[in-house]
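Results of the structural survey
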Amino acid sequence: MAVLEARSITKKFPGVVALHDVNLTLEEGKIHCIVGENGAGKSTLVKVLTGLYQADEGTLTIEGQEMNAHSLHDSEVIAYVPQELNLFRFMSVAENLFIPFNKTKHTSVFYEKRKMEEEAAPYLKRFNMAVSPGDIVQDIPISEQQLLQVARALSREKFRIIILDEPTTSLTKSESERLFAILRSLRDEGKSIVFISHKLDEVFSIGDHVSVLRNGELVGDASLSDVDQNWIIHKMTGEEIDITKNYIPAEPAGEVLLEVKNLSGYMFEDVSFSVREGEILGFAGLVGAGRSEIMQTLYGYRKKKRGEASYKGQSWKFGNTASSIGNGVIYLTEERKTHGILPFLNVRENIGIVLKDKISAHGVVVPPKDHAVAKKVIGDYSVKTHSTETKIINLSGGNQQKVLIGRAMESTPKVVIFDEPTKGIDVKTKEEIYRMMKELAEKERVGIILISSEMEELLKCSNRIITMYNGRVSSEIAGKDITQKQILRAIIGLSCTIQGSGN
Amino acid sequence: MNKNTLDTYKAIFKKFVDWIRGNQLAGVTAALVLIFIVSCFISENFLTVYNLQIMVRSLAFVGIIAIGQGLLLLLGDIDLSVGAIAGLCGVITGKFAVTFGVNPILSILIGLLAGIALGMFNGLLITSFNLNAIVLTIGMQTAYKGLNQVITKGRTITGFPKSITIIGEGSIFQIPTPTIVLLIVFILMYFLTRKTFYGRNVYAIGNSIETAKMVGIKTKKVRIISYGICGFLAGLTGILMSLRLASAQSSIGEIWVLPSIAAPVIGGIATTGGIGSITGALIGGSIMGIVSNIIVLGGVNLYWQQVLNGLIVVLAIIFDSFSRKLRTH
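Residues numbered from 1 in each chain as written. Chains lettered and ligands numbered in written order. Predicted model: local features only at pLDDT ≥ 70, side-chain atom pairs only at ≥ 80, totals over all residues. Heavy atoms only, no water.

**Description of the overall build of chain B**
As a reminder, the rule being used: Where helices and strands are cited, they refer to DSSP runs of H or I of at least four residues and of E of at least two residues respectively, numbered from the N terminus. Radius of gyration: over C-alpha atoms. The globule rule applied is 2.2 Å multiplied by the number of residues raised to the 0.38 power. Partly exposed describes any residue whose relative accessible area lies between the buried limit of under 20% and the exposed limit of over 50%, with all areas from a 1.4 Å probe on protein chains only and scaled to the type maximum. By the convention used here, residues are in contact when the closest approach between their heavy atoms is within 4.5 Å. Residue exposure ignores everything except the shown protein chains as possible cover, and the areas themselves are Shrake-Rupley values with a 1.4 Å probe. The sign given to each residue is positive for Lys and Arg and negative for Asp and Glu; His and the chain ends receive no count. Charge positions are represented by NZ for Lys, CZ for Arg, CG for Asp and CD for Glu.
For chain B, the count of helices and strands is 14 helices and four strands. At 21 Å, chain B has a C-alpha radius of gyration in line with the 20 Å of a compact globule built from 329 residues. Dimensions of chain B along its principal axes, counting C-alpha atoms only, are 75 × 55 × 35 Å. Residue burial in chain B is summarised as follows: out of 329 residues, 52% are buried. Here the contacts in chain B between residues at least 6 apart in sequence split such that 76% fall between residues at least 24 apart. Here chain B has roughly 15400 Å² of accessible surface; of this, 70% comes from carbon and sulfur atoms. Here chain B holds 23 positive side-chain charges and 9 negative ones, and the gap between their average locations is 6 Å.

**Quick word on the overall build of chain A**
Along its length, chain A carries 18 helices and 22 strands. Its C-alpha radius of gyration of 24 Å places chain A within 12% of the 23 Å reference for a compact globule of 503 residues. Considering chain A as a whole, with its 503 residues, one finds that 53% of them fall into the buried category. Sequence separation of at least 24 residues holds for 66% of the intrachain contacts in chain A that already meet a minimum separation of 6.

**Observations regarding the side chain of Thr50 of chain A**
The cut-off we apply is this: Two N or O atoms form a polar contact when they lie within 3.5 Å of each other; inside protein one atom must be a possible hydrogen donor and the other a possible acceptor, and for residues adjacent in sequence the pair counts only when both atoms belong to side chains.
Positionally, Thr50 of chain A belongs in the loop between α1 (42-49) and β4 (57-62). A distance of 3.4 Å separates a polar atom in the side chain of Thr50 of chain A from the backbone oxygen of Lys47 of chain A.

**Overview of the pattern of salt bridges**
When the charged atoms of two side chains lie near each other, side chains of opposite charge can form a pair. Residues and elements named next belong to chain A. Stated formally: For salt bridges, the criterion is a side-chain nitrogen of Lys or Arg within 4 Å of an Asp or Glu carboxyl oxygen.
This structure, assessed with the given rule, holds 27 salt bridges over all chains. Between Glu189 and Arg126 there is a salt bridge whose closest N-O contact spans 3.0 Å. Here the residue Glu189 occupies a position in the loop between α6 (173-188) and β8 (192-196), and Arg126 occupies one in helix α4 (residues 113-126), the gap between them amounting to 63 residues. Its relative accessible area of 36% is what places Arg126 among the partly exposed residues. Between Glu202 and Lys199 there is a salt bridge, and its shortest N-O distance comes to 4.0 Å. Classification of Glu202 as buried rests on a relative accessible area of 8%. Taking relative accessible area as the criterion, Lys199 reaches 21% and is therefore assigned partly exposed.

**Thoughts on the confidence of the model for chain A**
For clarity, the threshold we go by: Confidence per residue, as judged by the predictor, is encoded in pLDDT with a range of 0 to 100.
Of all residues in chain A, 91% have pLDDT values of 70 or greater, and the mean over the chain is 83. Counting interchain partners and residues more than four positions distant, the pLDDT-below-50 stretch residues 481-503 of chain A has 25 contacts.

**Examining helix α12 (residues 257-266) of chain B**
Residues and elements named next belong to chain B. In terms of burial, α12 is a largely internal element, seven of the 10 residues being buried. Those residues of α12 that fall on the buried side of the exposure criterion are Val257, Pro259, Ser260, Ile261, Ala263, Pro264 and Ile266. Where α12 terminates, the next one or two residues include Gly268, which has phi positive at roughly 100 degrees.

**What about the nonpolar core?**
Generally speaking, nonpolar side chains in soluble globular proteins are found buried as a group. Under the convention used in this document: Here, nonpolar core refers to any group of buried Ala, Val, Leu, Ile, Met, Phe, Trp, Tyr and Cys residues whose side-chain atoms link them within 4.5 Å.
Formed by 142 residues in total, the largest nonpolar core has its most connected members in Phe273, Phe283, Met295, Leu298 and Phe418 of chain A. The leading source of residues in this core is helix α3 (residues 49-75) of chain B, at 12 residues. Counting residues in each nonpolar core, the second largest holds 48 residues, with Val131, Leu147, Val203 and Leu224 of chain A among its members.

**Regarding the environment of Thr338 of chain A**
Tracing the chain through its elements places Thr338 of chain A in helix α11 (residues 336-340). Apart from residues no more than four positions distant in its own chain, Thr338 of chain A is found in contact with Ser208, Glu210 and Thr211 of chain B.

**Digging into the sheet that holds strand β11 (residues 256-265) of chain A**
Residue and element names in this part refer to chain A. Note the cut-off: A strand pair is defined by DSSP finding two or more bridges across the two strands. An axis is simply a line fitted to the C-alpha atoms; with a helix, the fit covers only the stretch in contact. Between two such axes, the angle follows the N-to-C directions and lies from 0 to 180 degrees.
Spatially, four strands are ordered β12-β11-β14-β15 in an open sheet, and the strand pairing comes out antiparallel. The open sheet is flanked by β12 (268-276) and β15 (314-315), the only strands paired with a single partner. By the bridge criterion, six bridges tie β11 to β12 in an arrangement that is antiparallel. Residue pairing across strands places Val260 opposite Phe273, the latter belonging to β12. Most of the contacts of helix α9 (residues 291-299) go to β12, to which it runs at about 70 degrees, and overall it touches β11, β12 and β14 (304-311).

**What about the pairing of strand β20 (residues 447-451) of chain A?**
Residue and element names in this part refer to chain A. Across the five residues that make up β20, a large majority, five, are buried. Neither face of β20 is left uncovered, since the one carrying Gly447, Ile449 and Ile451 and the one carrying Ile448 and Leu450 both have all their residues buried. Bridging between strand β13 (residues 280-285) and β20 involves four bridges; their strand directions are parallel. Note that in β20 the partner of Ile280 across the bridge is Ile448. Bridge analysis of strand β19 (residues 415-419) against β20 gives five bridges, and the strand direction is parallel. Bridge pairing in β20 links Phe418 to Leu450.

**Structural notes on the packing of helix α5 (residues 142-154) of chain A against α6 of chain A**
Residue and element names in this part refer to chain A. Inclusion rule: For classification purposes, an angle smaller than 35 degrees is called roughly parallel, one larger than 145 roughly antiparallel, one from 65 to 115 roughly perpendicular, and anything else oblique. Classification used: nonpolar for Ala, Val, Leu, Ile, Met, Phe, Trp, Tyr, Cys and Pro, charged for Asp, Glu, Lys and Arg, polar for all others including Gly.
Between α5 and α6, whose axes approach to 11 Å, the crossing angle comes to 10 degrees. Relative to α6, α5 is oriented roughly parallel. Residues Ser143, Glu144, Leu147, Val150 and Leu154 of α5 form the contact with α6, whose participating residues are Glu175, Arg178, Leu179 and Leu186. A per-class count over the contact of α5 with α6 returns five nonpolar, one polar and three charged.

**Focus on unusual backbone geometry**
Residue and element names in this part refer to chain A. Even without being a glycine, Glu63 presents a positive backbone phi close to 50 degrees. Unlike most non-glycine residues, Ser382 shows phi in positive territory, near 35 degrees. Taking the relative accessible area as the measure of exposure, Ser382 reaches 40% and is therefore partly exposed.

**A word on the packing of aromatic side chains**
Here is the rule: Two rings from Phe, Tyr or Trp (for Trp, the six-membered ring) form a pair when their centres are within 6.5 Å of each other. A pair whose planes differ by under 30 degrees is stacked, one over 60 is edge-to-face, and the rest are tilted.
Tallying each qualifying case throughout the model produces 10 aromatic pairs over all chains. Judged by centre distance (5.7 Å) and plane angle (40 degrees), the rings of Tyr299 of chain A and Tyr331 of chain A are tilted. Taken together, the residues span a long stretch of sequence, with Tyr299 of chain A in helix α9 and Tyr331 of chain A in strand β16 (residues 329-332) at a distance of 32 residues. Residue Tyr299 of chain A shares its accessibility class with Tyr331 of chain A, and that shared class is buried. With 5.3 Å between their ring centres and 90 degrees between their planes, Phe96 of chain B and Phe100 of chain B make a pair best called edge-to-face.

**Topic: helix α7 (residues 162-169) of chain B**
All names here are of chain B. Put simply, the rule reads: In this context, the arc is that of the directions from the helix axis out to the C-beta atoms.
Where α7 is concerned, the buried positions are Ile164, Thr165 and Gly168. Taken around the axis of α7, the buried residues stretch over an arc of 105 degrees, which confines them to a single face. Of the exposed residues in α7, those oriented more than 90 degrees away from the buried face are Lys162 and Ser163.

**With respect to the interface of chain A and chain B**
Put simply, the rule is: By buried area we mean the combined loss of accessible area, with a 1.4 Å probe, across both parts when two parts are placed together.
In this complex, chain A contributes 30 residues to the contact, which on the side of chain B involves 23 residues. Carbon and sulfur atoms make up 66% of the area that chain A and chain B hide from each other, which totals about 2200 Å². Where chain A packs against chain B, one counts one salt bridge. Arg200 of chain B is the salt-bridge partner of Asp370 of chain A, the closest N and O atoms lying 2.6 Å from each other. At the junction of chain A with chain B, the criterion picks out 12 residue pairs in polar contact (both at pLDDT 80 or more). When grouped by side-chain class, the residues that make up the side of chain A that touches chain B number 16 nonpolar, nine polar and five charged.

Okay, here's the thing in structure tokens:
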């Protein structure tokens, strides 16, 4: 039986048709996946389904009743888990779970802390969460926060449908499995689930049905038992992409560029490694293993405790991001939205901000140079943007990332640290980013450090992989003589050892 | 009405909407023009040379201090001690020029240097100890005001030399000198924020201080310099006012604190930083200037003046928010 039926949904914004004639049927007790590249219209569709936007054309029927944005919002039949964390960071787990209190059981005028915490316990137990109801949200790990966000959506009593927008971006494999187990049990209780993800292996492991969006149109709609990954990728991109291709730099590595000795800092202890010209050095580990912190310390964003490093044979100066950039060491952050882009400035200004010497003379910006560099980056890295004057916040995540990579390359760096470069980025752009990294290593002889939580990504790109556990280096694996088949086997083997050491 | 003229009107209206969409300052500029036109109808005394002179002269004081505050707001910072700095600088200039008999021009320069120092001191404390700018500058406001009392012992300094009071009182080609100073300040600050790399850094820090640190901007340095510039402009305002009154007193400046924030905000500078422009601060200040002027000319009861003043500011903000909505959708 269809719980939700969307017919011919069209949503226009000035100059863009975000959704065109999209049909969607959600069956009771099924997990329905929606996939598509960045900017394909997934978010707009979700906003229409949750009543955040009113569709310009088309009808939306839930359990036989036609809905508009307003009645949809009032009915509370849909529980929605947004992509970004939007918890109250300084309130407790239990408070976050039941807010707004008037929508849940807590309708009493008085604030009953103990009662609320007691009622929170079963939800936390169901999610196997290792936190207590009284904990303050900002003190619990990001992965637990993500699960809390799902639990919060489920604390609404009336919901029949749950929509999750990329819920696993900050979860490790085992944490994702925990979430999937809960989703499966909800499905078996007869709830209907809409699951949005970039990770196709997840789609196949959990989904019953898939809808594929491309450029605001529904281009594929099938039962997942009838199709395979290649079919979905073909529908998503409109072209064939070989996802088994690897991007390991082929040229032999050169001189040692950066050598780190016994470095300690916030979240990590006694770390040593080196990176050479023309190689990609992968860093594997769980979220919170200290990988980002090492690189941020090296880059000068965080203070070091002990240890030293040398760069091109000379002693490395810690604690100054400007001089790191000047010396040719660049860190591309995982937190693109908060630490990477300047949201309300345009693409040109976002590019120019790291290229003072290129675009200004005596501190005064030279407009022709400024525009030329921006156009060059947009062209070289095929950034999809209306113009150089478009605010960067209006670009898709993948295109924002291309701008950040492109502007970094304009300063001709020698070492580039990519921290989760494909987080929240679609398949096609992912491949483009891998290709960029390979080219940088091979042609420019840049030493690349790649931090990633996706095992597949590391094996696809790295010459060597360093694994980290709990702030220390746990092993180093050279991957140059591993064949395609062995890589696939190593994904399972490697992920097992890492997770093994995580317990 | 025949179809052709209707189409022409429609086309004009569409152009107007597009203009508002494409221009961040469009909404507030339209509000300024509208208020100006309405004012012309309210009082026949509004559009006279004499009244316009009064208006732009008082705009000069609020305008200069608002441009300084606007710069800090762009950074996501704020300085609530601008009024106290203004008063203190006026007194310092007066003390040197009148009591110590120092060269008047030199006295003015000393006053301006004091403004830079006081502002930078605020910035230094805020960035070094990672303090909340609002709380720190409220504290400093009291301290600076106290310093003022120490210097003047509560008395007004009178007898400014004629050679410099002309800067506050005089006019060039019918334009009051303070207004000319405002225009120079505006042009310089426009250039600084829009055409230099320092300006880029200001917007970057206002957008996201974490990103700014990541890309290697020396955020502490940029912020301290900006507090210095704001202090300089506050001092300049206070000195100009002392020259206008030919006397320095400790109370000068207090009334400017709120308008210095309201004007940039009306003009579209976000209090969270990174959005808006110095031009907006000037337009915002102009709106407030016209409104308080026409309320007096319109013969509104003194007690109601304040109420109307506040309401019209709110109206201007609503208008701006409306035009912002047009832009984003």
